[in-house]
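# Report on the structure
As a plain string of letters, each chain reads:
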Amino acid sequence: MSILLIGGSRRKDSLNSKVKHRIAEVADKFGISYKLLDADALDAPIYHGDFEDAEGVPESMQVLAREIQAASKVVLVSPEYNSSVSPLVKNAIDWVSRVKGDAWKDKKVLLGAASPGGLGGIRGLMHLRDILGNVQAWTAPNFAICPNANDQTIASMDENFLQGFLVQGD
Ligand SMILES: Cc1cc2nc3c(=O)[nH]c(=O)nc-3n(C[C@H](O)[C@H](O)[C@H](O)COP(=O)(O)O)c2cc1C
């Protein structure tokens, strides 16, 4: 089983996606196995009960639930919008919670964020941690955060810290 690395932004030049790749780079260096998931994998209509009754859970969310189930842990690197969780990420959590099999239950989830701002998105991660607790995931105590994020600051995220981040829950 390997770690599933998910970025929470579909933006072409996403800083959060770049942090995800920095984490993957460190995983490579320390021989930690992982699978990268493109943020497009989180694409689904906004949850709506009538939609679910008529069409069921979107195929994309069923696939995502299976990926989560198959992973030893999930790393979720998510942007912060207005001090909270991005709608893309929240919607994916909600949909996956509707798939039979409780993919989130007892799943180890490690959280990261990047922002051009000085707080790096930590306020969003506090909310994300609460939400994941409610779907019975285990969230790791240490976050991988890149404040003042740009290509340089992301590339210089400390590899020893990130290695320690990745082994949480082992
Ligand atoms: C609607 C909106 C709200 C935002 N709110 C915050 C915020 O509360 N805190 C923060 O640090 N950055 C905030 N930002 C800036 C994002 O951190 C920035 O756009 C970041 O690049 C988004 O992540 P991405 O690069 O992975 O797409 C916000 C951006 C948008 C579009």
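Residues numbered from 1 in each chain as written. Predicted model: local features only at pLDDT ≥ 70, side-chain atom pairs only at ≥ 80, totals over all residues.

## Focus: the overall build of the protein chain
Assigned secondary structure in the protein chain consists of seven helices and eight strands. Computed over the C-alpha atoms, the radius of gyration of the protein chain is 15 Å, within 12% of the 15 Å expected from 2.2 N^0.38 for a compact globule of 170 residues. In terms of overall dimensions, the protein chain has C-alpha extents of about 50 × 35 × 25 Å along its principal axes. In the protein chain, which comprises 170 residues, the proportion classed as buried is 42%. Sequence-distant contacts, at least 24 apart, represent 77% of the contacts inside the protein chain between residues at least 6 apart. (Helix = DSSP H or I, 4+ residues; strand = E, 2+ residues; numbered from the N terminus. Rg over C-alpha atoms; globule rule 2.2 N^0.38 Å. Buried ≥ 20, exposed ≤ 12 C-beta atoms within 10 Å, placed from the backbone. Contact = placed C-beta atoms within 7 Å.)

## With respect to helix H5 (residues 122-134)
Relative to the 18 Å expected for 13 residues at 1.5 Å per residue, H5 spans 19 Å between its end C-alpha atoms, a close match to the ideal helical length. For H5, every residue scored as buried is listed here: Gly124, Leu125, Leu128 and Leu132. Take H5 and look down its axis: the buried residues cluster within an arc of 95°, on one side only. For H5, the exposed residues set more than 90 degrees away from the buried face come down to Asp130 and Asn134. Its buried side turned inward, H5 meets strand E4 (80-81), strand E5 (84-85), helix H4 (87-97), strand E6 (108-114) and strand E7 (138-139). Where H5 ends, the next residue or the one after it, glutamine 136, has phi of about 70°, a positive value. (Expected span 1.5 Å × (residues − 1). Arc of directions from axis to C-beta.)

## Description of the UniProt feature "domain: NADPH-dependent FMN reductase-like" (unreviewed entry) in the protein chain
The sites that carry the UniProt feature "domain: NADPH-dependent FMN reductase-like" (unreviewed entry) are, in the present numbering, residues 1-149. Here residues 1-149 is 39% helix and 20% strand, with 31 Å between the C-alpha atoms at its ends. (UniProt positions renumbered as here; feature names shortened; annotations may be inferred.)

## Structural notes on the site of the ligand
For the ligand, the set of nearby residues contains 16 residues, the closest of which are Ser9, Ser14, Asn16, Ser115 and Gly117. Of all the elements in the fold, those that place two or more residues in the shell around the ligand are helix H1 (15-29) and E4. Sort the elements by how many residues they give to the shell around the ligand and H1 lands first, with three residues. When its residues are assigned to classes, the shell around the ligand shows five nonpolar, nine polar and two charged. (Near = placed C-beta within 6 Å. Nonpolar A, V, L, I, M, F, W, Y, C, P; charged D, E, K, R; others polar.)

## Description of unusual backbone geometry
Excluding glycine, residues mostly carry a negative phi; peptide bonds, for their part, are mostly trans. At serine 83, a position not held by glycine, the phi torsion is positive, near 70°. Mapped onto the elements, serine 83 comes out in the loop between E4 and E5. Take serine 83: there are 12 C-beta atoms within 10 Å of it, and that puts it in the exposed class.

## Regarding the packing of helix H3 (residues 59-70) against H4
Packing of H3 against H4 brings their axes to within 9 Å, and their N-to-C directions diverge by 85°. By the criterion of interaxial angle, the relationship of H3 to H4 is roughly perpendicular. Along its contact with H3, which presents Met61, Leu64, Ala65 and Ile68, the element H4 presents Ala92, Trp95 and Val96. Residue composition of the contact of H3 with H4, by class: seven nonpolar, no polar and no charged. (Axes fitted to C-alpha atoms, helices over the stretch in contact; angles between N-to-C directions. Parallel < 35°, antiparallel > 145°, perpendicular 65-115°, else oblique.)

## Some details on H4
Residues three or four positions apart in an α-helix share a direction because the helix packs 3.6 residues into each turn. Listed in full, the buried residues belonging to H4 are Leu88, Val89, Ala92, Ile93, Trp95, Val96 and Ser97. On its buried side, H4 packs onto H3, strand E3 (73-77), E5 and H5.

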